Structures are given as C-alpha cells and as structure tokens.
Amino acid sequence: MRAKTMESLVQKKFNEFNESDMEIWKYIVSHKEICKKISIQQLAVFCHVSHTTILRFAKKLGFSGYSEMRSFLKWEDKAEILYEEKDMEKNANSFVAQIRRMEDMDMETICRMIDQAEQIYVNGSGETQKIVAREMKERFMYINKFLNTVDGGAEFAQIHEMVTSKDLMIFITFSGKNEYQLNWAKKIKEKGCPILLIAMEGRGEFQELADVVLDFHTEKIDTMGFEFAFYPTLHFHIINEFIQLKYMEYKMKQKGEIE
C-alpha cells in the first residue's frame, strides 16, 4: 500500500468506520502535532475511548499497531511515506522458505568443489557481504579448511597472478550486478578457476559466468520517511550456515560415518 498522508489512508477505509473510529479521526486530524508525541493511553483519554479501540483503528488503516501509526504521522510532512502491509510476515516466510530450500538442496557439487580446492578465495561486495565472507572463513577454520578473504584491488591483482584451475573463488554479492566483482570474476575465470556465486535470485552476466549459483529471494521493505528501500540480509547467513552443515555432512559420508 502506498500513501503520502493519513487522509489518503482514511479515505480508503472511511466506509468501514464506526462512531468510535470517527471520533478518533476527528481528534487526530485536528491535533496532529499532539498525536505525533502522545501515547496510546493518552490518545484514548482525549478521544473518550479505550486503548484497544485506538489499536483497532490503527489496524483498520493497515498499520501493525499504534507505534507504526504514530511514526506515519511524524513523517508524512517530511517525505513520501511508503508502507507495505505485512512486511515482517512476508520476510519471515521468506526466511523459512530459504531454510527449507537449503535443507532439501543437493549441495554435493559445491561440497566437492570446496573439498578439492587447493586454495579458496572469498570476496564480499559490501560491508554486510564482507562480514559474511569473514564468517565463512571462521566457520571453515573450525573444520580444518582454510579460506582466504579478499577485500580489495591489490589483493585481487595478487590472486589473479596465483590462481589456477585447482582453486575456487567465491563471490558474495546482493544483486549479482556488481561491476567491480564481475570484472575480476572474468579475469579469474580466464585462468580456469571455478566460481561459486552467492546472490539474490535473478539472471545476468555474473550468473552465467559462475559455475554454481546459490541464490535467494528477499522481500523489499519500503522505509517510512526515508528515500531508500531496505532489503533484509539474513539469507546470506542462512546460506553460510547450510554450506558449513552440508560440507560437514559430505565429509562424514566420505568417512562412512553416516549413510
């Protein structure tokens, strides 16, 4: 749902208003500055209704609760407010779906690539992705597999001189469209080094270049009062977790410890 003002939300739901809703709206529209600051209990007193009636009013307009409605009021005169219904629920479902997908995924090819690689290099495109790269390095260190994190151009240049077809390069990116990473991926690919790409689902040159792609679907959250969209990044950590778990399972099968 897209809305710039409280009035536009009310207009859509006006036919569903009861007498209490009308009283609440009359007070809000006449005392917006006050309503940006007061608690739900205070508003209930001013409107001569219960706080649960205020909460029902907020939910009728599509908000998760009173706090979100008050935030909407605070920001509506500063910027276009974008409010998406059930963002939390959509993303929670997306996280669970990714877990189930990873649980059922056959990752033997990836595990074999990791196991047989003489050297493994991992690079993240942004701050979050760099954290995930370092986390991956730490996870595999505990199971006696060393990963080299690559942070910048000087390191890429050095790796490009050393990398062979017996190594593995892992790129962690959000959109899969990072030109800096893609340019280095092309150079590394020319050396015959296989590439594992971890990125948001989609199709593009990076996806076509990679030998294996681990992708994910995330739900955009339009932020209220700010000119940017937020994409949750928990999927990176879910994938990280399962790469380690699947690799441990792979090694145990090799040793005959599990069937």
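The following paragraphs examine the structure supplied in this document. Here the structure is a predicted model, which means the values were calculated and not measured.

Centre distance and the angle of the planes are the two values used to describe a pair of aromatic rings. On inspection of all chains with the given rule, the structure shows 13 aromatic pairs. Judged by centre distance (5.4 Å) and plane angle (65°), the rings of F171 and F206 are edge-to-face. In this pair, F171 sits in strand β3 (residues 168-172) while F206 sits in helix α12 (residues 205-209), placing the two residues 35 residues apart along the sequence. Neither residue differs from the other here; F171 and F206 are each classed as buried. Where Y247 meets Y250, the ring centres are 6.3 Å apart and the plane angle is 25°; that geometry is what we call stacked. Remark: Y250 and Y247 occur in helix α13 (residues 234-254); sequence separation between them is 3 residues, near one turn of the helix. On the accessibility criterion, Y250 (11% relative accessible area) is buried. Of the aromatic side chains, those joined through ring pairs into one cluster are F156, F171, Y180, W184 and F206.

A few words on the nonpolar core. If you look at the biggest cluster of nonpolar residues, it comprises 32 residues, and the most contacted ones within it are M136, I170, I172, I198, L214 and I243. Of all the secondary-structure elements, those providing two or more residues to this core are α7 (87-104), α8 (108-116), β1 (120-124), α9 (127-141), β3, β4 (195-200), β5 (212-216) and α13. If you look at the next biggest cluster of nonpolar residues, it comprises 24 residues, including V10, F17, I28 and A58.

If you trace the 5 strands from one edge of the open sheet to the other, you get β2-β1-β3-β4-β5, paired in parallel fashion. The open sheet has two edge strands with one neighbour each: β2 (148-149) and β5. When β1 meets β3, the two strands line up parallel, connected through 5 bridges. Paired with I120 across the strands is L168, a residue of β3. Each of β1, β3, β4 and β5 touches α8; the most contacted strand, β5, lies at about 125° to it. Lying on the sheet, helix α10 (residues 153-162) is in contact with β1, β2 and β3; it crosses β1 at an angle near 150°.

Across the 5 residues that make up β5, a large majority, 4, are buried. One ladder, built from 5 bridges, connects β4 with β5; its direction is parallel. Across the sheet, residue L196 finds its bridge partner in β5, namely V212.

Rules and cut-offs
Residues numbered from 1 in each chain as written. Predicted model: local features only at pLDDT ≥ 70, side-chain atom pairs only at ≥ 80, totals over all residues. Heavy atoms only, no water. Phe/Tyr/Trp six-rings, centres within 6.5 Å; stacked < 30°, edge-to-face > 60°. Helix = DSSP H or I, 4+ residues; strand = E, 2+ residues; numbered from the N terminus. Buried < 20%, exposed > 50% of the residue type's maximum accessible area, 1.4 Å probe, protein only. Core = buried A, V, L, I, M, F, W, Y, C linked by side-chain atoms within 4.5 Å. Pairing = 2+ DSSP bridges. Contact = heavy atoms within 4.5 Å. Axes fitted to C-alpha atoms, helices over the stretch in contact; angles between N-to-C directions.

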